[in-house]
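Summary of the model geometry
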Amino acid sequence: MIAGGAGYLGVPLCKLLVAEGANICIGDSNQEQLDQAIQSICANLPDARVIGLPLDIGNETSIVDYVTASVNYFGRLHGLVNATSGASGKEIQDLTSDDFDLANNLNLTGPFLMAREAAKYMEGAGSIVMYSSMFGLVSPNQANYPHGLTRNPIEYGAGKAGMIQMVRYLASHFGPQNIRVNAVAPGPFPNIEKLDLPDEFIKNLERDTMLGRVGQNHETAGPVAFLLSDAASYITGHTLPIDGGWTAW
């Protein structure tokens with residue numbers, strides 16, 4: 001199950017998993033985006049077993065329905081990826097308590113409920129991978145945001161930091177069931193084609209990585225596929241930065 005699999009980072013992951021022989025169920029709240037993702041994934045892999053189901057990560061009933069429908073369709077569940085997120089995009093002075101609570105529901109409560117529900121169906125073994133963020137590890141530097149561009153918001157970073165601790169806790173809880181729980185922390189992966197971002201901002205992001213460039217959207221797929229696979233059978237409770245060295249300075 002790939003929650004948020006129709007997104008910018010999710011589609012390349014789905015393509016890689018299908019190419020490696022996985023059957024996948026993509027969950028997304030945007031039906032048009034979900035349909036486009038499935039079409040893109042199956043374009044070069046017409047025999048792929050891919051289904052898409054509606055998913056609202058902020059709604060417990062939707063989460064339970066998504067997991068149940070996925071398991072009913074495929075029969076078993078071996079892996080879960082949660083690549084969903086939420087943020088207000090506001091600066092601190094404009095942030096309301098409702099904004100903060102909603103982001104925490106999307107970044108913490110929903111992923112927790114999803115992991116707990118999925119684990120019920122992982123018989124004998126399983127792997128869960130959460131998408132955290134480099135901003136769950138470090139704070140955004142205001143100097144990187146030119147021309148009044150709003151910096152990465154505090155409620156997003158707080159939620160992604162909380163996710164890292166939640167991964168440790170869930171790893172210890174599910175370890176006796178041979179269910180591994182890990183996270184990845186992507187660094188700068190701006191969707192340059194979709195977002196109208198100043199060139200200066202992109203150059204600032206590039207400067208703050210050790211590799212001197214921003215990430216391409218397919219570059220989280222390999223690490224996540226690795227963590228899902230038996231090649232990572234003795235790795236749990238870990239957060240793997242995928243950030244070009246951003247957080248290692």
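Notes on the structure follow. These numbers come from a predicted model, not from an experiment.

Turning our attention to the layout of surface pockets. Left-over empty space is what a probe sized like a water molecule reveals as it rolls over the atoms. Put simply, the second largest pocket is a space of about 660 Å³. In this structure, the second largest pocket is lined by 28 residues; those nearest its centre are A22, N23, H78, G79 and L228. Counting residues per element, the ones that place at least two in the lining of the second largest pocket are β2 (24–28), α3 (60–74), β4 (79–82), β5 (126–131) and α7 (221–228). Along the lines of polarity and charge, the residues of the lining of the second largest pocket split into 13 nonpolar, 10 polar and five charged.

We now examine the packing of aromatic side chains. Under the defined criterion, the tally for this structure stands at two aromatic pairs. Consider the rings of Y73 and F74, whose centres lie 4.8 Å apart with planes at 80°: the pair is edge-to-face. When its relative accessible area of 19% is taken as the criterion, F74 is described as buried.

Let's shift gears to the sheet that holds β4. On the basis of which strands lie adjacent, the open sheet formed by seven strands has the order β3-β2-β1-β4-β5-β6-β7 and parallel pairing. Edge strands, defined here as strands with exactly one partner in the open sheet, are β3 (50–54) and β7 (239–242). Relative to the sheet, α3 contacts β1 (2–3), β2 and β3, its axis offset from that of β3 by approximately 160°. Its contacts with the sheet place helix α4 (residues 97–119) against β1, β4, β5 and β6 (179–186), and it is angled at close to 175° to β4.

Within β5, six of the six residues are buried, which leaves the element mostly enclosed by the surrounding structure. Side chains G126, I128 and M130 project from β5 onto one buried face, and the interleaved S127, V129 and Y131 project onto a second face that is buried too. Taken together, the four bridges between β4 and β5 define a ladder with parallel strand orientation. Following the sheet pairing, G79 is matched in β5 by S127. Where the polypeptide runs from β4 across α4 and back to β5, its parallel neighbour, the crossover connection is right-handed. By the bridge criterion, six bridges tie β5 to β6 in an arrangement that is parallel. Bridge pairing in β6 links S127 to R180. Since β5 and β6 lie parallel, the crossover through helix α5 (residues 154–174) that links them has a hand, and here it is right-handed.

Definitions and limits used
Sequence order as written defines residue numbering, which begins from 1 separately in each chain. Given that this is a predicted model, residues contribute local features only at a pLDDT of at least 70 and side-chain atom pairs are listed and counted only at 80 or more, while totals for whole chains, interfaces and linings are drawn from all residues. Computation of side-chain values covers all heavy atoms of the structure but excludes hydrogens and water. For cavity detection a 1 Å grid was placed over the protein atoms alone, and a set of points counts as a cavity when a 1.4 Å probe fits there but cannot get out; an open set counts as a pocket when protein lies on both sides within 12 Å along at least five of seven lines, with lining residues being those that have an atom within 4 Å of a point. Grid points are joined across faces, edges and corners, and a volume is the space filled by probe spheres set on the points. Helix and strand definitions follow DSSP, with helices as H or I runs of at least four residues and strands as E runs of at least two, each counted in order from the N terminus. Three residue categories are used. Nonpolar comprises Ala, Val, Leu, Ile, Met, Phe, Trp, Tyr, Cys and Pro, charged comprises Asp, Glu, Lys and Arg, and polar comprises the others, including Gly. Note on aromatic pairs: the rings of Phe, Tyr and Trp (six-membered ring only in Trp) are paired at centre separations within 6.5 Å, and the planes decide the class, stacked below 30 degrees, edge-to-face beyond 60, tilted for the rest. In this scheme, a residue with accessible area under 20% of its type's maximum is buried, one over 50% is exposed, and one in between is partly exposed, where area comes from a 1.4 Å probe on protein chains only. Should DSSP find at least two bridges between two strands, the strands are regarded as paired. In what follows, residue pairs with any heavy atoms lying within 4.5 Å of each other are defined as contacts. Between the N-to-C directions of two axes lies an angle of 0 to 180 degrees, each axis being a line fitted to C-alpha atoms and, for a helix, fitted only over the stretch in contact. With its strands directed away from the observer, a crossover is right-handed exactly when the path from the first strand over the helix to the second travels clockwise.

That's the geometry; what it means functionally is another story.
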